[in-house]
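Structure at a glance
Chain residues, written in single-letter form:
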Amino acid sequence: MNQMLPLFIAVPLLGAALSLVFIKSRTIQRAISLVCSTAVAAMAVSLLVYVDRNGTEVSSLGGWRPDIAINLVADRFAAIMLTISTTMLLAVLVYAMGQRGDDERSRFYHPAYLTLIGGVCGAFLAGDLFNLFVWFEVLLIASYVLLTLEGNDRQIRTGTTYVVLNVIESFVLVMGVALIFAATGTLNMALLPERLAALPDGVQLGLNLLLLIAFGLKAAVFPLYSWLPDSYPSAPSPVSAVFAGLLTKIGVYAIVRTQTLLFPESNRTLLLVIAGLTMFVGVLGAIAQSDMKRILSFHIVSQIGYMIMGVALGGVAAITATIFYMIHHIPVKTSLFLVEGIVARDSGSSNLSKVSGLARRSGPLAALFLIPAFSLAGLPPFSGFLGKTAVVTEGIAQQSWWIVAVALVVSLMTLISMLKIWTGAFWGAPDPELGGEGSGILRDQRLMSGVTTGVIGLTLAIALFAGPLYRLCERAAADATDPLSYLSAVLP
Amino acid sequence: MSVEQALLIGVLAAAGTYLVLHRTLTRIILGLGLLGNAINLLILASGDEPGEPPIIGREGEFTDPVPQALVLTAIVIGFAVISFLLAMAYRAWTIDGNDDVEDDIADRRLAERNGDTDVEQAEAEQEGAS
């Protein structure tokens, strides 16, 4: 099984190269993308099943000794994230083809998208800090291309902020990596916990902060989030769906990894305050906006707060809650952007002052919006309710009352801003120019609505099978919080 | 790390930061280039004193090969990112004749509330572009 790990990176990158060779034929490009992303998603599922049964898989590239080699490590946490991410990437790819837009507007859509898949897989599997940085760069560069695909005025303007901020984030990250190497003489995540623990507290704190700033910017936590609501809405809907669902969560993944594995003893009070502020400021931003895409973008920020809250509380139970929250959040957020894409394609805009009466025109579309919206706000019986319950229960167990209060209030405010989209876009009289009552938006866009329904079905399945899934998350959290099991898996 | 190295890294980082704080994209790119080089030197410095080349089977003092491998990768990545940014700056220049990083629309609305600038025109432009 461990020979399979490099394939997660090789298959999409090879596909990207082939896609560039066949740049003249869109049919071949689409076939390559479909084959590669289906293969990666299928491999991820089988990896998850295998790793859950047999424990962490390690592959040392080039056959070097595992202490000096470039290692790819798949523990349960990484395998879970790989599975949910590659599934979403596949779903959004099919959606983008159904939209007949993005991949027709630019021939570079498919190569960039496949590179993004390779980067995402690499980031989850990286077994040392420098490779984590490299795969972050691979997926970031792919995301720069996807974000500015059309090269129009607006994309260049928002793209500039995004690219410059992310380049600076990379600098901070690589600075942290260099200093960690200078202090410990290794970057291998199996060896680092022991060597970092031997350093003086002040040095540990400094290194920890550098990594937190870098990954925090990627995850869009409180003081470092301003690039997100500005840049994501300017991308085409399928692209922003993938960014919204995945990219920030890779930052959260890296934060969980570094906090649980490298700095398990650090004081997390600051992180808890940041989590509270991220939730609160994010949802305030969402309430103030009047464009569907911008509201949803601010929600990403707000939701990141819940995941960081789990990390900040610490301990196996809290990390379990964070992992479960991430599993629930990725498909829910993606599906909301997919619904927005259908609305924008049908009405030519997703501004709440221009769209109205969607519920009367298409009942099913309204249902497609309501399910993930309620789930995001945390209403039972949807997956968001379970995710939030898990995080909040852990907050109560650790007696951090104020963060529990913030989490509950923010949940209510999320619902308010979702109602704003509902009253603005779905309620009211339909625009006669776009077709009257019951004009069936979904019928015209079969593939897009099919994919969206599928993703929402997945979120319902998460709620339905929450029991076994939560136990899987528990096992993953036990893996992630135990540096010794990581060490013994990598260096047997 | 020697004093010269530390000084060089400091000066490069300071100049880079100064340039990044400008509004023109070309200056920001130059600044990012300088900052990137400062950090590449920092990686190199993390490998301790220079020594003999690290060749398998050779005895005695040799230098740590890892930071050199890291810095090569970092340089290549920096090169790619700077090229992409230059392409973006060129694109911005072909679109509207300058490469200033503009305010975002929320900033403009705030400015309007304070009673200056022609926000409606800017919003109309943005609607046209999107």
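Data block above holds the structure.
Let us look at the structure shown here.

**Some thoughts on the overall build of chain B**
- The helix and strand inventory of chain B stands at five helices and zero strands.
- Listed by position from the N terminus, the elements making up chain B come as α-α-α-α-α.
- Per-residue burial over chain B gives 24% buried out of 130 residues.
- Pairs at least 24 apart in sequence give 39% of the contacts found in chain B among residues at least 6 apart.

**Observations concerning the overall build of chain A**
- For chain A, the helix and strand inventory stands at 22 helices and two strands.
- For 492 residues, the compact-globule formula gives about 23 Å, and the C-alpha radius of gyration of chain A, at 22 Å, lands near that figure.
- Long-range contacts, defined here as pairs at least 24 residues apart, represent 79% of the contacts in chain A between residues at least 6 apart.

**Details of the environment of A286(A)**
All names here are of chain A.
- Relative to the helices and strands, A286 is located in helix 12 (residues 269–288).
- Sequence separation between A286 and S231 is 55 residues, and the spatial gap between their C-alpha atoms is 15 Å.
- For A286, the contacting residues outside a window of four places in its chain are I295, F298, H299, S302 and S417.

**Description of the interface of chain B and chain A**
- Contact residues are listed per partner, giving 30 residues for chain B and 26 residues for chain A.
- Grouping the amino acids of the side of chain B that touches chain A by side-chain chemistry returns 21 nonpolar, five polar and four charged.

**Section: the packing of helix 3 (residues 76–99) of chain A against helix 5 (residues 109–125) of chain A**
All names here are of chain A.
- It is at 9 Å that the axes of helix 3 and helix 5 come closest, and there the two elements cross at 170°. As summarised for this structure, helix 3 and helix 5 are arranged roughly antiparallel, according to the angle between their axes. Taking contact as the criterion, the partners of A78, M81, L82, S85, T86, L89 and L93 in helix 3 are, on helix 5, Y113, I117, V120, C121, F124 and L125.

**Digging into helix 17 (residues 383–397) of chain A**
All names here are of chain A.
- For helix 17, with 15 residues, the first-to-last C-alpha span of 21 Å sits near the 21 Å given by 1.5 Å per residue.
- Inspection of helix 17 places S383, G384, L386, G387, K388, A390, V391, V392, E394 and G395 among the buried residues, and these make up the whole buried set.
- The secondary structure elements touched by the buried residues of helix 17 are helix 13 (292–313), helix 14 (316–347), helix 16 (363–377), helix 18 (401–426), helix 20 (446–464) and helix 21 (466–480).

**Topic: the nonpolar core**
- I80(A), L125(A), V174(A), V177(A), I308(A), M309(A) and I323(A) are the most contacted members of the largest nonpolar core, which totals 209 residues.
- Among the elements that make up this core, the one with the highest residue count is helix 3 of chain A (17 residues).

**What to know about the packing of helix 2 (residues 26–54) of chain A against helix 5 of chain A**
Residue and element names in this part refer to chain A.
- Direction vectors running N to C along helix 2 and helix 5 enclose 15°, while the axes themselves pass 10 Å from each other. As far as their axial angle goes, helix 5 and helix 2 are roughly parallel. In this structure, helix 2 crosses over helix 5, and the sense of that crossing is left-handed. Facing helix 2, whose interface residues are Q29, I32, S33, C36, S37 and V40, helix 5 presents H110, Y113, L114, I117 and C121.
- Residue composition of the contact of helix 2 with helix 5, by class: seven nonpolar, four polar and no charged.

**Quick look at the pairing of strand 2 (residues 71–74) of chain A**
Residue and element names in this part refer to chain A.
- In strand 2, alternate side chains face the same way, and those of N71 and V73 on one face and L72 and A74 on the other are all buried.
- Sheet topology note: the strand 1 (residues 57–60)/strand 2 ladder contains four bridges and is antiparallel. Bridge pairing in strand 2 places S60 opposite N71.

**Brief notes about helix 12 of chain A**
All names here are of chain A.
- Helix length check: helix 12, at 20 residues, gives a terminal C-alpha distance of 29 Å against a target of 28 Å (1.5 Å per residue), a fit within 8%.
- Residues of helix 12 that are buried: L271, L272, I274, A275, G276, T278, M279, V281, G282, V283, G285 and A286.
- At its buried positions, helix 12 is contacted by helix 10 (227–231), helix 13 and helix 18.

**Notes on unusual backbone geometry**
Residues and elements named next belong to chain A.
- The linkage connecting P380 with the following residue, P381, adopts the cis geometry, with an omega of 5°.
- As for its position among the elements, P381 is in the loop between helix 16 and helix 17.
- Of note, A220 is a non-glycine position whose phi angle comes to about 60°, a positive value.
- Residue position: A220 is located in the loop between helix 9 (201–219) and helix 10.

**Topic: the environment of A275(A)**
Residue and element names in this part refer to chain A.
- Residue placement: A275 occurs in helix 12.
- Take A275: there are 29 C-beta atoms within 10 Å of it, and that puts it in the buried class.
- Taking the C-alpha atoms as reference points, A275 and P236, 39 residues apart in sequence, are found 29 Å from one another.
- If near-sequence neighbours (up to four positions away) are discounted, A275 is found in contact with G305, I308, M309, A312 and I403.

The rules behind each value
- Residues numbered from 1 in each chain as written.
- Chains lettered and ligands numbered in written order.
- Predicted model: local features only at pLDDT ≥ 70, side-chain atom pairs only at ≥ 80, totals over all residues.
- Helix = DSSP H or I, 4+ residues; strand = E, 2+ residues; numbered from the N terminus.
- Buried ≥ 20, exposed ≤ 12 C-beta atoms within 10 Å, placed from the backbone.
- Contact = placed C-beta atoms within 7 Å.
- Rg over C-alpha atoms; globule rule 2.2 N^0.38 Å.
- Nonpolar A, V, L, I, M, F, W, Y, C, P; charged D, E, K, R; others polar.
- Axes fitted to C-alpha atoms, helices over the stretch in contact; angles between N-to-C directions.
- Parallel < 35°, antiparallel > 145°, perpendicular 65-115°, else oblique.
- Expected span 1.5 Å × (residues − 1).
- Core = buried A, V, L, I, M, F, W, Y, C linked by C-beta atoms within 7 Å.
- Left-handed = near helix turned anticlockwise from the far one by under 90°.
- Pairing = 2+ DSSP bridges.

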